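# Coordinate inspection notes
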Amino acid sequence: MAITVRWKDQERTCITTRFDDPWSLGDFIEARKQWHRMIKSVDYRVPILLDMSRTFHPPKGILRQFSAIHRAPHPRQSHIFVYGMNPEYMKLRDHIIEGVVDPAKSVKFVDSAEIPV
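Residues numbered from 1 in each chain as written. Predicted model: local features only at pLDDT ≥ 70, side-chain atom pairs only at ≥ 80, totals over all residues. Heavy atoms only, no water.

Turning to the overall build of the protein chain, a few remarks are in order. Helix and strand counts for the protein chain come out as four helices and five strands. Ordered by position in the sequence, the α and β elements of the protein chain form the string β-β-α-β-α-β-α-α-β. With 117 residues in all, the protein chain has 42% of them scored as buried. Here the analysis covers contacts within the protein chain between residues at least 6 apart in sequence; of these, 79% occur between residues at least 24 apart. (Helix = DSSP H or I, 4+ residues; strand = E, 2+ residues; numbered from the N terminus. Buried < 20%, exposed > 50% of the residue type's maximum accessible area, 1.4 Å probe, protein only. Contact = heavy atoms within 4.5 Å.)

Let's shift gears to the side chain of H74. With respect to the helices and strands, H74 occurs in the loop between α2 (62-71) and β4 (77-83). A distance of 3.0 Å separates a polar side-chain atom of H74 from the backbone nitrogen of R76. (Polar contact = N/O pair within 3.5 Å; in protein donor to acceptor, adjacent residues only side chain to side chain.)

Quick look at the nonpolar core now. If you look at the biggest cluster of nonpolar residues, it comprises 25 residues, and the most contacted ones within it are I15, W23, F28, L50 and M52. Elements represented by at least two residues in this core include exactly β1 (3-7), β2 (15-20), α1 (25-40), β3 (46-54), α2 and β4. Those residues in contact with L50, other than ones at most four positions away along the chain, are T17, F19, W35, I80, F81, V82 and Y83. (Core = buried A, V, L, I, M, F, W, Y, C linked by side-chain atoms within 4.5 Å.)

Quick look at unusual backbone geometry now. Omega for the bond connecting D21 with P22 falls within 30 degrees of zero, at -10 degrees, which places this linkage in the cis form. Here P22 is to be found in the loop between β2 and α1. Here R12, not a glycine, exhibits a phi torsion of approximately 55 degrees, which is positive. Position of R12 among the secondary structure elements: in the loop between β1 and β2.

Note on placement: K8 falls in the loop between β1 and β2. Given the relative accessible area of 28%, K8 is considered partly exposed.

To continue, consider the pairing of β1. Side chains I3, V5 and W7 of β1 all project onto a buried face; the interleaved residues T4 and R6 project onto a face where none is buried. When β1 meets β2, the two strands line up antiparallel, connected through five bridges. Following the sheet pairing, I3 is matched in β2 by F19. (Pairing = 2+ DSSP bridges.)

In total, this model carries four aromatic pairs according to the counting rule given. With a centroid separation of 6.2 Å and 90 degrees between ring planes, the pair formed by F28 and W35 is classed as edge-to-face. Neither residue differs from the other here; F28 and W35 are each classed as buried. Among the aromatic residues, those joined into a ring-pair cluster are F19, W23, F28 and W35. (Phe/Tyr/Trp six-rings, centres within 6.5 Å; stacked < 30°, edge-to-face > 60°.)

Shown next as structure tokens:
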């Protein structure tokens, strides 16, 4: 799969998600399902890091899927941190955070893969 989802560390403090081109909407949907399975295995809120540093070509229709992160988050999903956005994705930045209603489940754009957990 072109999207790799794993725990950041053995303590399962954060889920990291790395995007590698080419990836598809189906890959993203599967990644979200994997987040939910992983989050179900713990009893605390889990932040998610989206590493976009290796992807340069977003698939068509991705904005609808990105907004699904906010429409149907797992109850223990915490902040989503987005790292490494290139210029193509920067054009989509405002659209990625559309629909964020609950600040406790918001999207934050960061400059480093080292996020506070």
